[in-house]
Amino acid sequence: MASSQANRAVSQVRAHTQAQQTAQPFKLAVGNHYLTILFGAWLIGGVFVDGYAHNHGVVETFFTPWHAILYSGFLVCALWMSYLVYRTKRITGMSWRLSIPNGYGVGLLGAAVFLTGGLCDMAWHVIYGIEKDIAALLSPSHLMLLIGGIMILSSPFRSAWNEEQDAPSWREFAPPLLSVALTLSVVSFFLMYAWMFRYNLSSQPVTDWYLTKFYSGHIQQANEMRGLSYIILNTIQYMIPLLLLIKRWRLPFGAVTVLFTFVTVLMNVLDGFDNVAAIVIAFTAGVVGDLAYRWLRPNEASRLWAMRVFALLVPAVMWTFYFVWQSATDGIGWEIEAWTGAIVSAALASLALSLLAFTPRQPERRQDGA
């Protein structure tokens, strides 16, 4: 009898262990993702306020009000995600590993990376001082903060990616969309030295300044090459997240506008909203993108051609609006072949991305003897 009871107890333990091993990660309610987004926005707000301070020469020490916003936002994010794990563990009784909410495992690891980067950043400032200009973006400790921040901010996106919903409502889609927007914003922050809307290299005043400063026709060509590189890079920044979202979901109307405008507004913080026109341009391109998405239906498998047209159209519209605005205000200093070619090059770069994201179908192989 005792032996039989012992064997039964062992079997129960094994069954419980096997059930835990085969159990799926815990799924959070949508409201929890909204709180993650809110705390992530707190963190990103600190990043951009700190960037504004760096750009305007008011950073003198590690212990600043903007660093307080940044690291308090991180602390809230870390505590919130840790609480989610603890609450799940307490409610379900699952193992700690399975108590990590779906999509948040990488985020928790990112919190550890961010904490390590913050400690290294403090030590870096003590030893080497406060970085300025592009050095602040390339500092190893700051790049570690970038990696950790991306891992944290993308948690709601990863969670939604694993769900079965393919055509979500705005309430369901807002967390992954804003998660992608926040992630894109922090990436764009670290690429601020190549943000075309900040430098307007094609404008007549900028072109004249270069020619007056250096007295060389070669500087005009260098300026055009630099600006073209910025335009192509910015196109990639906008389009990769958008194509990723389209690949996974049927987007609700307005998603393209929110993504483009959100990122552009945050990037304007860096210069105290001196380039408000960039927000209008991004908003307009986003609206055109939403209309084109609804009309073309590029996410349908049978309409691969529509995806190609969509990928060409969106950046072409954005940069056309950009040069139209520039022509109407300061004038365009580039040769007509340069700025029109920049629009076409941006569209082709986007087309290339769509070929990678939505690959052509492979032909069906005929069986031998068929």
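In case you missed it, the structure is sitting above this.
In short, a report on the structure.

## Let's talk about the packing of helix α2 (residues 30-55) against helix α9 (residues 170-190)
At a minimum axis distance of 10 Å, the contact between α2 and α9 shows a crossing angle of 20°. Classified by the angle between their axes, α2 and α9 sit roughly parallel to one another. Crossing handedness for the pair α2 and α9: left-handed. Facing Val30, His33, Tyr34, Ile37, Gly40, Ala41, Ile44, Val47, Phe48 and Gly51 of α2, the residues of α9 in contact are Trp170, Arg171, Ala174, Pro175, Leu178, Ser179, Leu182, Ser185, Val186 and Phe189.

## Concerning the nonpolar core
Formed by 85 residues in total, the largest nonpolar core has its most connected members in Leu251 and Phe260. Residue-level mapping places this core at the junction of two domains, with at least three residues from each of domain 1 (24-191) and domain 2 (195-358). Not counting residues up to four positions away in its chain, the partners in contact with phenylalanine 260 are Tyr238, Met239, Leu242, Ala282, Ala285, Gly286, Val314 and Met318.

## Some points on the environment of isoleucine 44
Along the polypeptide, isoleucine 44 turns up in helix α2. Each C-alpha atom, one on isoleucine 44 and one on glycine 149, is 8.5 Å from the other, the two residues being 105 residues apart in sequence. When near neighbours in sequence (up to four residues on either side) are disregarded, isoleucine 44 contacts Leu153, Leu182, Val186 and Leu266.

## Examining the packing of aromatic side chains
Scanning all chains against the criterion turns up 25 aromatic pairs. Ring geometry for phenylalanine 197 against tryptophan 319: centres 5.3 Å apart, planes inclined by 10°, an arrangement best described as stacked. Taken as a pair, phenylalanine 197 in helix α10 (residues 196-199) and tryptophan 319 in helix α15 (residues 304-329) lie far apart in primary sequence, 122 residues in all. When its relative accessible area of 2% is taken as the criterion, phenylalanine 197 is described as buried. Where phenylalanine 323 meets tryptophan 339, the ring centres are 5.5 Å apart and the plane angle is 40°; that geometry is what we call tilted. Of the two residues, phenylalanine 323 is situated in helix α15 and tryptophan 339 in helix α16 (residues 336-357); the sequence distance between them amounts to 16 residues. Residue classification places tryptophan 339 among the partly exposed residues on the basis of a relative accessible area of 22%. Connected via pairs of aromatic rings, a cluster forms that spans Trp195, Phe197, Tyr238, Phe260, Trp319, Tyr322, Phe323, Trp325, Trp334 and Trp339. Over the ring of tyrosine 199 we find arginine 226, and its NZ or CZ is 5.4 Å from the ring centre. Over the face of the ring belonging to tryptophan 161 we find arginine 248, whose NZ or CZ atom lies 5.9 Å from the ring centre.

Rules and cut-offs
- Residues numbered from 1 in each chain as written.
- Predicted model: local features only at pLDDT ≥ 70, side-chain atom pairs only at ≥ 80, totals over all residues.
- Heavy atoms only, no water.
- Axes fitted to C-alpha atoms, helices over the stretch in contact; angles between N-to-C directions.
- Helix = DSSP H or I, 4+ residues; strand = E, 2+ residues; numbered from the N terminus.
- Parallel < 35°, antiparallel > 145°, perpendicular 65-115°, else oblique.
- Left-handed = near helix turned anticlockwise from the far one by under 90°.
- Contact = heavy atoms within 4.5 Å.
- Core = buried A, V, L, I, M, F, W, Y, C linked by side-chain atoms within 4.5 Å.
- Buried < 20%, exposed > 50% of the residue type's maximum accessible area, 1.4 Å probe, protein only.
- Domains from an automatic or database assignment.
- Phe/Tyr/Trp six-rings, centres within 6.5 Å; stacked < 30°, edge-to-face > 60°.
- Lys NZ or Arg CZ within 6 Å of the ring centre and 35° of its normal.

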